[in-house]
Each structure stands twice: as structure tokens, then as C-alpha cells.
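Coordinate analysis (summary)
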Amino acid sequence: FQPIIFSSILISHHHNVLFCSLYLLISVLLPAWLYGDPRHVLYPRNSTGWFCGIGPNKDQPNLFYMNILKCATSVNVMASALNGLQCPTTQVCVAQCPSTFWAVGIDMYFKKPAEVFNQSVCVPSLNLSNTILVSPALLPFSGGLKCSNTINCVNLNLNTDFHAAAQDIVNGFNAKEIGVRIFEDFASSWPWILLGLLIAMVVSLLFLLLLRFTAPVMVWVLIIGVLGAGAYGIWHCYWEYANYKSASATITNVGFTTNLQVYLQVQETWLAFLIIISVVEAILLLTIIFLRTRILIAIALIQESSKAIGHMMSALVYPLVTFVLLLVCVAYWGATALYLATSGSPIYRVVALNSSQGDCSSISGNVSCDPQVPSCIFIKYNNEGLFQRNLFNLQIYNVVAFLWCVNFVIALGHCTLAGAFASYYWAFTKPGDIPMFPVCGGFIRALRYHVGSLAFGALILTLVQIARILLEYIDQKTRAAQNPVARFILCCMKCCLWCLEKFIKFLNRNAYIMIAIYGKNFCVSAKNAFKLLMRNIIRVVVLDKVTDILLFFGKLLVVGGVGVLSFFFFSGRIRLPGNVFRSETLNYYWMPIITVVFGSYLIAHGFFSVYNMCVDTLFLCFLEDLERNDGSLQKPYFMSKNLMKILNKSNKAQKKGKGKE
């Protein structure tokens, strides 16, 4: 299948829609969907191979281990015989696990089994009414117990000491009980959790819209704050230097010590700090002076991005589409992996401590419950046959396809939003020339014309991610045998691959913007975007840093503010009138707080990712506008008046009454 997938990126753009259905088609045709049985994972199986909770055992959902100690002691004793780490003890489906444990006493010998044992915890093939109790073994009155892919014999001598220890563990940490309490907390507080998430959404939206008016103030306040902090640092270092001027201690006298407080009492230390901070402050001041125009351009683009989002609010909803598509990818990958993992039929073997293993069909006649006598137990799932032998390779293929699909969905979102925001920038008269439903239009164009290019870009990123995963796997497997040189080499390789992945993501993002603007293929778009950015590298750095700072403080405002508010509310420090909600009803008040904080971060990240994409798109459009147009009647500028004012540009068309916003 791999050659088919890789060749799909070379198909003409009219047929590139085949990629969207390729993974689905291949996975449907995979034998895993024919041989797989997810019930192996969803339901436990007893020793006879039947599922608990469905079929004949519909009313018996729990699995009972006769002697769970064997699960811990069988690793070394039975490993060679079992060819695996399966638990060599009888397992029975029961409606409810027994709460009392007992052992067979001497006075119980030769009694009727029905008077000693509970039939509900016996294997189905064992009928207590037709057996007698002999020593610790159950023997039939006549005929004999056949072992045919089942375990017909049980040893019901249970270890009471082990039960006591296990019961202490269960009582100390009952995961089911904790889960029920958490569910109760969510059931009683979910309206207020939704209200907290709604507040986070409103705050995020208001922050983005207000950047149109507050971006200049915020940027310059941050710049002045940084310079002011540097000036205070210079003054404080000089003050400390003057205080220790008469001190006799010097760096030479102190020497090397792990007590850092000693160095803070030396005059040379504060002199070094003073020089370093002064140099950094001078560099920052000169950088701001020489880059003031580029900072103004970055502020203007941020304001223009806020204005663009105000004209197409539907763009803020698109992250939900990406989220749903990613959920589909994860669910489909998980289902395929589950079917692959359960595609083999269960295999049972005859196992005993003093005998070799064989097929269950080799046992006939009477079988006792003596542990020295062969018994049939489940070993593993079948790995014979061409398909079963390649399950690992198919799982790897499934992971590669999953990463490819995830990267493709993200690329589709980038191209869709870039197309929408590009249509805003290249509208000469705003908002009159902005097309209707720009986000839907960008999505349709991306699916109709650019699927192959998006798939190719996603494939490049996927290959780099696979290389990182393989390197991490090699590092984990060889860590015990690594020397310092090997660790250093692996660390350098991982660092290089991390940088390469970041660069590929940056290049792909700008390539998708150029694809949305001009409709050219991925390679041409990536080359043009890279050259365009390199010709304006200083503007790129300034815009990127200014935007990152603003969005960082925006996320901090949303997540921190909503998190503090939810803490005061769910902890009971803020009470509503009328006892509408009381924090005393919560078992763990921190669970709603964590949910609100995590949800607020996701909401803020979704909104701000759209805004960041808008800034990047308008920036590339702005650079293209500067290089391709000159303000004449034939080639007018499409940038806003604010940007033209900063650059001292103008359109001749404006003098004849054809101006724009």
C-alpha cells in the first residue's frame, strides 16, 4: 500500500482528492477489520475462552482469579512452559466477586461438593452435583473431564494471607470509588464549569478585538517596562558596588565555593553585573531606536489583524472544525490499532510444572486438579500466518498514516484560514470587496485545488517526526549501554531533529499561505515564501517577537484570570445568593478548577492560533504588496492607510476619489 500512498502526491491537482479517502480505503481493506475482534480488549475472558459480560455470561461481567498468587510467581517457574507471562490459574466469570475466602478443611473431605463449594465460582463444565471431593482435587464420578481448549479443573485452596494484604490495598486506594466521587462533582458543578469556559471565550474574544485599539499601548508599555527594569538593575548594581567598595574581600580571596551568598558580598561581582546589564540595556535601547519603524509596522499589522477578524468572526469557529477532524483521526487510528492487536485467535496450551506443553487436543481421559497434572490455559493470540506475522509492521504503518493525517488536517486549517484572510487583504475597498463566507470559500478551494500540496507538506513533516520517534526509541533501548560520548552524540542528533522539525513547521506554514494566495504547488510556494521572508528577515523577527509577547500576555490574562476566579468560586470563597451552589457539596473542589483552567487554555489557544495565522497571512500579503505594487493606477497598494502612512506610501488613485479604508 505504501507505493500507492506516496504516488498519490504526484497525481494532478484535479485528482488529489483521492488522498482524503486513501487512508480510509486502505484501512477498510486491511485484513484487521476482517480478523480483528475488539471484544478481546473490551471484555475479560475466562479460562474456557468465553467473554464475561456478553453472550452466555451476560449477567456475569466480572472475572475471578482462583489463585492470583500464581500470577506473581509464575514468571520464572512457568516462563519456558507458557512461552509468555499469562497467569496460570483458573479464571471464572462471576456476577460479583466473592467477599469471603476459605480453604478446604479435613472435616470437609468426602462431603458433597455442593455442601462445600459455591457453584457460581466454578468453571461451567464442572457440575458439583456429579462430583465428589477427594483431597484437594475434584474428581468426576464417571466418564472423566475432557480438556478441549478449556480448563475443566480447579484448585480452590486460596491463600487467606494474600487476601488480607490485597484487601488492605483495595481499601487504601479504591479507584472506582474515587472515580464515582469525581463523577458526582462533575454532575453537580457542570453548569458552573460551562459558565467558566464561556467567560474564558468572551475574555479571549474581547482581548483580540481590543488589540485593534490597545496594541500600541501594550507594546510600548512592555518596551518601556523592560527598559525601566534594566535601568533599575543598573542602579541597584551600582549601589551594591558602592556599599562593598570598602570591603576587603575580593574574588581572589574567596576562591571557589558552593555558597553563592559569599560572591554577593564581593565588590567585583556587582561590578560584573553592572557591566553586563549596562551592555544589554544599551543594545536594547539601540535596537529599539533603529527598529522603531519596523515595530510600528508590526503594531499596525496586529491592529489590521484585529480588524480582519472583526469582519469575519466565523474564522474563530474554525478551530472547532480542526478539533473534530483530529478527533476523527484519533478515533480511526485507535479503532484500527485495536482491530490489529486483536486480529489473532486465542491459543490454549497444555501446561504443567513437570510436563511439556502441547495442544489441548492431546489430552484425553481423566484429568485431576493436581498442579502437577497437565491443564489447558490461555497462552497468547495466534501469530501464525502472513498477516499475523506482519502485525507489528502494520501497526507501524498505522502510526505513520495517523501522523500524516493529523498533519494534513492541521495543514488544511492553515490553508483555509490563510485563504480567508488573504481575501480580506486583497480586497481594495474594505469591507465592500470582501467575498461572502470567506472561510467557507477558503475551505472549498483548499479541498478542490490544494489537497496534493497539503499532503506533500504534511508528508515531509511526518518523516521528520518519525525520525525523532525512532531516535527516541533507540535512545531508550540503548541507554544502559551508552557512554558519555554516545549520549552526547544522541543529544546533538535529537537537538538537530527538533530544530529541523521547528523549521519545517515554519516553512510549511508560510508555504500554505502562499498556496492560498497564488494557488501554486507546495515546492514553488515554499521556495517563494522562504526567499520573501529572507529578504525581510528583520521585519520577520520583529513581528514574530512582538506578536508572541502580546499573545503570551493574552493567554496569561485569560487562563490566570479565569483560573483565579474559578478557585475562589469552587473553594467557597465566593458564594452566590440563595445557596444556588455550595462548595461543601464537592468531594474534590480542585477537579472543576483543573477542568476550567485546562479548558480555558484550550479556548485561548484556539482563538489566538487563528489570530496568529491572520497576522502571518497579512504580513506575507503586505510584503508581496510592497514588492509587486508601486501605488500607481495600474499597481495600487492594497495595504491600509496606517501602513502607508508609516512607510510614506500613497496611491495615486486616492487623489481621484478612489480611496479605500
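See the structure above.
In this text the structure is predicted, and so the values were computed from the model without any measurement. (Residues numbered from 1 in each chain as written. Predicted model: local features only at pLDDT ≥ 70, side-chain atom pairs only at ≥ 80, totals over all residues. Heavy atoms only, no water.)

**Overview of the overall build of the protein chain**
Per the secondary structure count, the protein chain includes 23 helices and seven strands. Here the protein chain holds 661 residues, and the buried ones make up 41% of them. Sequence-distant contacts, at least 24 apart, represent 71% of the contacts inside the protein chain between residues at least 6 apart. Accessible surface computed for the protein chain: about 36,000 Å², of which carbon and sulfur atoms make up 66%. (Helix = DSSP H or I, 4+ residues; strand = E, 2+ residues; numbered from the N terminus. Buried < 20%, exposed > 50% of the residue type's maximum accessible area, 1.4 Å probe, protein only. Contact = heavy atoms within 4.5 Å. Areas by Shrake-Rupley, 256 points an atom, 1.4 Å probe, with all protein chains shown as cover.)

**A word on the state of the cysteines**
Counted by the stated rule, this structure contains one disulfide. Across the disulfide from Cys-52 sits Cys-93; the S-S distance is 1.8 Å. The sign of the -75° torsion about the S-S bond sets the Cys-52-Cys-93 disulfide as left-handed. Note that Cys-52 is positioned in the loop between helix 4 (39–42) and strand 1 (62–65) and Cys-93 in strand 2 (residues 91–94), a separation of 41 residues in sequence. Judged by relative accessible area, which is 1%, Cys-52 ranks as buried. Classification of Cys-93 as buried rests on a relative accessible area of 4%. (Disulfide = S-S within 2.5 Å.)

**Re the pairing of strand 2**
Neither face of strand 2 is open: one carries Gln-91 and Cys-93, the other Val-92 and Val-94, and all of them are buried. Looking at chain direction, strand 1 and strand 2 are connected through four bridges and run antiparallel. Bridging from a neighbouring strand, Tyr-65 pairs with Gln-91 of strand 2. (Pairing = 2+ DSSP bridges.)

**Thoughts on the packing of aromatic side chains**
Using the criterion set out here, one finds 16 aromatic pairs in the structure. Here the aromatic rings of Trp-270 and Phe-273 are separated by 5.7 Å at their centres, their planes lie at 80°, and the arrangement is edge-to-face. Taken together, the residues span about one helical turn, with Trp-270 and Phe-273 both in helix 12 (residues 267–290) at a distance of three residues. Residue classification places Trp-270 among the buried positions, given a relative accessible area of 10%. Here Phe-273 falls in the partly exposed class, since its relative accessible area comes to 34%. Each ring, one from Phe-428 and one from Phe-638, has its centre 5.7 Å from the other, and the planes form 90°; the classification is edge-to-face. (Phe/Tyr/Trp six-rings, centres within 6.5 Å; stacked < 30°, edge-to-face > 60°.)

**Describing helix 16 (residues 391–425)**
Here helix 16 contains 35 residues, and its C-alpha end-to-end distance of 51 Å stays within 8% of the 51 Å for a straight helix at 1.5 Å per residue. Counting buried positions along helix 16 gives 27 out of 35 residues, so the element sits mostly inside the fold. (Expected span 1.5 Å × (residues − 1).)

**So, the pattern of salt bridges**
Overall, the coordinates contain nine salt bridges when judged by the stated rule. Linking Lys-307 and Glu-304 is a salt bridge whose minimum nitrogen-to-oxygen distance equals 3.7 Å. In this pair, Lys-307 and Glu-304 both sit in helix 13 (residues 292–311), three residues apart, roughly one turn of the helix. Under the relative-accessibility criterion, Lys-307 is labelled buried at 15%. For Glu-304, a relative accessible area of 8% puts it in the buried group. Its salt-bridge partner being Arg-509, residue Asp-616 comes within 2.7 Å of it at the nearest N-O pair. One end of the pair, Asp-616, is in helix 22 (residues 590–628); the other, Arg-509, is in helix 19 (residues 484–518), with 107 residues separating them in the sequence. (Salt bridge = Lys/Arg side-chain N within 4 Å of Asp/Glu carboxyl O.)

**What about the environment of Ala-486?**
Note that Ala-486 resides in helix 19. Taking the C-alpha atoms as reference points, Ala-486 and Asp-475, separated by 11 residues in sequence, lie 9.5 Å from one another.

**Brief notes about the packing of helix 13 against helix 21 (residues 537–570)**
Close contact between helix 13 and helix 21 brings their axes to 9 Å; oriented N to C, the two are set at 55°. Between helix 13 and helix 21, the angle falls in the class oblique. In the crossing of helix 13 with helix 21, the sense of the turn from one axis to the other is right-handed. Packed against helix 13, whose contacting residues are Arg-294, Ile-295, Ile-297, Ala-298, Leu-301 and Ile-302, the element helix 21 presents Ile-538, Arg-539, Val-542, Leu-543, Val-546, Thr-547 and Leu-550 at the interface. (Axes fitted to C-alpha atoms, helices over the stretch in contact; angles between N-to-C directions. Parallel < 35°, antiparallel > 145°, perpendicular 65-115°, else oblique. Left-handed = near helix turned anticlockwise from the far one by under 90°.)

**Observations regarding the layout of surface pockets**
Here the largest pocket is characterised by a volume of approximately 1,700 Å³. His-414, His-605, Gly-606, Ser-609 and Val-610 are, among the 46 residues lining the largest pocket, the residues nearest its centre. When contributions to the lining of the largest pocket are tallied by element, the ones reaching two or more residues are helix 14 (318–341), helix 16, helix 18 (451–477), helix 19, helix 21 and helix 22. When residues of the lining of the largest pocket are assigned to their parent elements, the largest contribution, 12 residues, is made by helix 22. Partitioned by chemical class, the residues of the lining of the largest pocket number 27 nonpolar, 12 polar and seven charged. (1 Å grid on protein atoms, 1.4 Å probe; cavity = no way out; pocket = protein on both sides within 12 Å on 5 of 7 lines; lining within 4 Å. Points joined across faces, edges and corners; volume = space filled by probe spheres on them. Nonpolar A, V, L, I, M, F, W, Y, C, P; charged D, E, K, R; others polar.)

**Observations regarding the packing of helix 19 against helix 22**
At a minimum axis distance of 10 Å, the contact between helix 19 and helix 22 shows a crossing angle of 60°. Put simply, helix 19 runs oblique to helix 22. The handedness of the crossing between helix 19 and helix 22 is right-handed. Of the residues in helix 22, those in contact with Arg-509, Asn-510, Ile-513, Met-514, Ile-517 and Tyr-518 of helix 19 are Ser-609, Asn-612, Met-613, Asp-616, Thr-617, Leu-620, Cys-621, Glu-624 and Arg-628. Of the residues belonging to the contact of helix 19 with helix 22, the class tally is seven nonpolar, four polar and four charged.

**Points about the environment of His-605**
Residue position: His-605 is located in helix 22. Among the residues examined, His-605 registers a relative accessible area of 39% and is labelled partly exposed. Distance in space between the C-alpha atoms of His-605 and Phe-552 is 10.0 Å, their sequence separation being 53 residues.

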